[in-house]
Structure formats: structure tokens, C-alpha cells
Amino acid sequence: MENIKNAANLIEKGELVSFPTETVYGLGANACDSDAVLKIYQMKKRPDFNPLICHVAHQDAIADYAVLKDLDMLLAQAFWPGPMTLILDKKQNTKISDLVTAGLNTVGFRVPEHPTAHQLLSAVNCPIAAPSANVSGQISPTSFEHVEAAFSDAVYILNGEAPSVGIESTILRCHDQDVEILRPGSITKEMIEALIGRPCLERMSSNINAPGQMTSHYAPKAKLILNNAQNDSADGFIDFGGQFKSLPENIPYVDLSPEGDLSEAAKNLFATLHKLDKCASTIIVAKIPDHGIGIALNDRLKRAAAPKDDHAR
Ligand code: TXA
Ligand code: MG
């Protein structure tokens with residue numbers, strides 16, 4: 001508890017704290033303090049047009065800042081606390097810094113279920129704005145060590161149990177009776193459609209020019225080759241469900257889930273990219289089924305494999 005107290009004090013003093021969530025580690029600041037939020041953008045080298053997600057301990061805390069409509073409430077009841085972010089209409093004159101929302105009139109909110117995140121959020125009296133705790137465009141962090149490697153001792157890092165999901169939250173925007181998936185995650189299209197009783201909308205807001213939605217993101221230094229495509233210069237392999245047979249010995253190889261379990265694969269994805277990026281320059285990735293959480297896995301892999309100059313767009 002001592003660590004939580006220290007971390008809460010730092011947040012209230014306008015400093016940054018990195019903390020684990022069930023998805024990835026976040027790099028947090030008081031969402032109502034523009035000077036503190038600015039430090040996030042500087043530390044991550046994040047373009048200032050890319051808005052941040054706010055985190056609170058309980059859904060009730062959102063009412064001061066944003067509006068939850070009926071469909072948002074339905075989703076919140078089903079999936080919070082948990083790995084889902086809702087993009088909501090911002091209330092007028094809210095205390096949330098304009099830097100958090102990058103000037104938009106909407107704001108993202110999430111109620112995490114990770115115990116350490118929940119304890120920290122319960123110990124402060126403000127929402128915590130937190131993107132993933134990595135340098136912008138690089139691989140997302142799923143361990144204390146990943147955050148330490150990115151920022152060394154420039155930021156206080158709370159340690160805690162490993163993220164159980166391993167990929168970032170599903171981001172949703174409700175339009176009257178419809179739900180649009182802005183970023184796929186472990187709360188899947190199938191789960192949302194079963195709840196709302198109608199198909200999700202195809203992504204409409206593709207004009208939001210944000211790095212999480214840019215072609216190149218989550219990018220390792222190594223070149224990734226997807227869908228088990230042949231490449232003679234490969235010096236690393238990422239498998240799923242034991243598809244690669246008779247590989248040469250002593251080549252770095254990780255199976256994201258030997259049993260072919262997509263949730264297990266999601267949990268292992270970023271740690272595997274961090275690990276293989278240290279020792280391989282061309283990595284072949286096995287084909288991953290494109291349903292359920294597989295859609296989110298393929299989304300992250302596609303962005304990780306995209307040519308790096310796309311990131312500059
Ligand atoms: O699981 C997660 O969501 C993690 C943990 C730390 O909570 N956070 C995370 O943050 O992934 P970040 O900054 O890496 O990704 C946030 C994404 C960005 O793609 C951003 O464009 C989008 O959320 N976003 C934030 N506010 C938005 C808004 N008002 N409208 C549309 N997109 C928004
Ligand atoms: Mg991120």
C-alpha cells in the first residue's frame with residue numbers, strides 16, 4: 001500500500017506514474033492538469049493530435065466529465081470494470097485538460113479491473129490520463145521491465161500482477177442504436193453483437209488521424225513477415241498452435257499458444273515481440289485465425305509489420 005500512496009502523491013503533484021492494467025502498462029498523469037499531461041506527450045514523443053484515454057476507479061466518477069447515453073450504459077454494465085474504452089461526448093466546461101482530448105469534443109474513458117490500477121485510481125481524486133507506457137510507435141509494454149527499458153528511472157513505475165489480457169482495450173463509439181469499433185481488442189465484435197442484438201458498424205471515423213490507428217505502430221526494429229509467408233533470410237519465428245514443423249535448430253522461436261488459444265496468444269504477443277526484437281532481424285509469423293480476439297491480434301501484427309515510413313504520416 002505504501003507504493004500506492006507514493007504513486008497517488010506523485011499524480012496529485014503533477015508527476016507521471018506508470019502502472020499495470022489488465023491490458024498493458026499505462027503512463028499516467030492527472031487528466032485535469034495540463035502541465036502534467038504535457039509531460040506524457042514529451043516523455044512518449046507522442047504527436048499532440050493523438051488524444052489520451054482517461055481512467056477512473058468507478059463508472060460514477062465519469063458523470064462530471066462526460067455523458068454516458070443508454071447504449072454506453074449497457075456496454076458499461078456488461079464490460080466494466082474491464083478492457084473496454086468508450087468514446088463519450090465531453091461535457092461543457094469540464095476540468096479535463098484539452099491536451100487529453102487533443103481539442104476534440106469527445107473523450108475516452110475506461111474503468112480498469114486490474115487490482116493495482118484500481119487501487120491507484122481509488123487513491124486519487126482525479127481521472128488519470130494514460131496511454132500505453134512506450135515511446136510512441138514502439139512495442140506496447142506488458143511488464144515492469146518493458147517500461148523500465150523504455151524510460152529507465154525517468155518515471156515511477158508501480159509493479160503488479162502481469163496484465164491478463166496483454167493487448168490494448170477495445171475502443172468503442174456509440175451512435176444512437178449502433179456501436180462502432182474504433183480499435184479491436186479482447187472485448188470482441190461477437191461479444192458486443194450478442195449484447196446489443198445487431199451487427200457492429202464498420203469503422204466510420206477513419207478520419208481520426210491518430211497513431212494507434214496509423215498503418216505503422218507497435219513497430220519492432222525487426223522486419224515482420226505475416227501469415228507464414230516464405231522468406232529465406234528469416235532468423236526468428238513466431239508460431240501459433242504449432243504450425244511450424246522442422247525448423248532449423250538454434251533459431252529464436254516462440255509459440256504464442258501451442259494449444260491454439262487466442263487469449264493466451266494475445267497475452268504473450270507484445271512480450272514475444274520485445275524478446276525476439278533483441279535477437280532477430282527478420283521474423284516470420286504464423287497465420288492467426290481472424291475471428292474473436294484473433295481480429296485484434298492481426299490488427300496489431302499488421303501495424304507492426306507495416307513499412308516504418310507510414311508512421312510519419
Ligand atoms: O488498454 C488501453 O487502452 C491502454 C491502457 C493503458 O489503458 N491505453 C492505450 O492508450 O492503449 P493509447 O494512447 O496507446 O491508445 C489510445 C487510443 C489512441 O489510438 C487514440 O487515438 C484513441 O485511443 N482515442 C483516445 N481518445 C479518443 C477520442 N476522443 N476519439 C477517438 N479516439 C480516441
Ligand atoms: Mg499505445
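What comes next is a walk through the structure. (Residues numbered from 1 in each chain as written. Chains lettered and ligands numbered in written order. Predicted model: local features only at pLDDT ≥ 70, side-chain atom pairs only at ≥ 80, totals over all residues. Heavy atoms only, no water.)

Turning our attention to the overall build of the chain. A count of helices and strands for the chain gives nine helices and 14 strands. For 313 residues, the compact-globule estimate of 2.2 N^0.38 gives 20 Å, and the C-alpha radius of gyration of the chain, at 19 Å, lies within 12% of that figure. A principal-axis box enclosing the C-alpha atoms of the chain has dimensions of 60 × 50 × 35 Å. In the chain, which comprises 313 residues, the share counted as buried stands at 54%. Considering only intrachain contacts with a sequence separation of at least 6, the fraction spanning at least 24 residues in the chain is 69%. Surface accessibility of the chain: about 14,100 Å² in total, with carbon and sulfur atoms responsible for 48%. The distance from the centre of the 28 positive side-chain charges to the centre of the 38 negative ones in the chain is 4 Å. (Helix = DSSP H or I, 4+ residues; strand = E, 2+ residues; numbered from the N terminus. Rg over C-alpha atoms; globule rule 2.2 N^0.38 Å. Buried < 20%, exposed > 50% of the residue type's maximum accessible area, 1.4 Å probe, protein only. Contact = heavy atoms within 4.5 Å. Areas by Shrake-Rupley, 256 points an atom, 1.4 Å probe, with all protein chains shown as cover. Lys, Arg positive; Asp, Glu negative; His and termini not counted. Charge placed at Lys NZ, Arg CZ, Asp CG, Glu CD.)

The buried fraction of strand E9 (residues 170–175) amounts to five of the six residues, a majority that puts the element mostly inside the structure. As paired strands, strand E5 (residues 84–90) and E9 are joined by four bridges and run parallel to one another. Residue Met 84 lies in a different strand from E9, and its bridge partner there is Thr 170. Pairing of E9 with strand E10 (residues 178–183), which is carried by five bridges, proceeds in the antiparallel orientation. Within the sheet, the bridge partner assigned to Leu 172 lies in E10 and is Ile 181. Between E9 and E10, which follow one another and run antiparallel, lie two residues, and Asp 176 among them has a positive phi close to 50°. (Pairing = 2+ DSSP bridges.)

Around ligand 1 there are 25 residues in total, and Thr 23, Arg 46, Asn 50, His 55 and Ser 169 lie nearest to it. At 2.6 Å from an oxygen atom of ligand 1 is found a side-chain nitrogen or oxygen belonging to His 55. Interatomic distance of 3.0 Å between a side-chain N/O atom of Thr 106 and a nitrogen atom of ligand 1. The fraction of the free accessible surface of ligand 1 (680 Å²) that becomes covered by protein chains is 98%. (Near = heavy atom within 4 Å. Polar contact = N/O pair within 3.5 Å; in protein donor to acceptor, adjacent residues only side chain to side chain.)

By themselves, these figures tell us nothing about what the structure is for.
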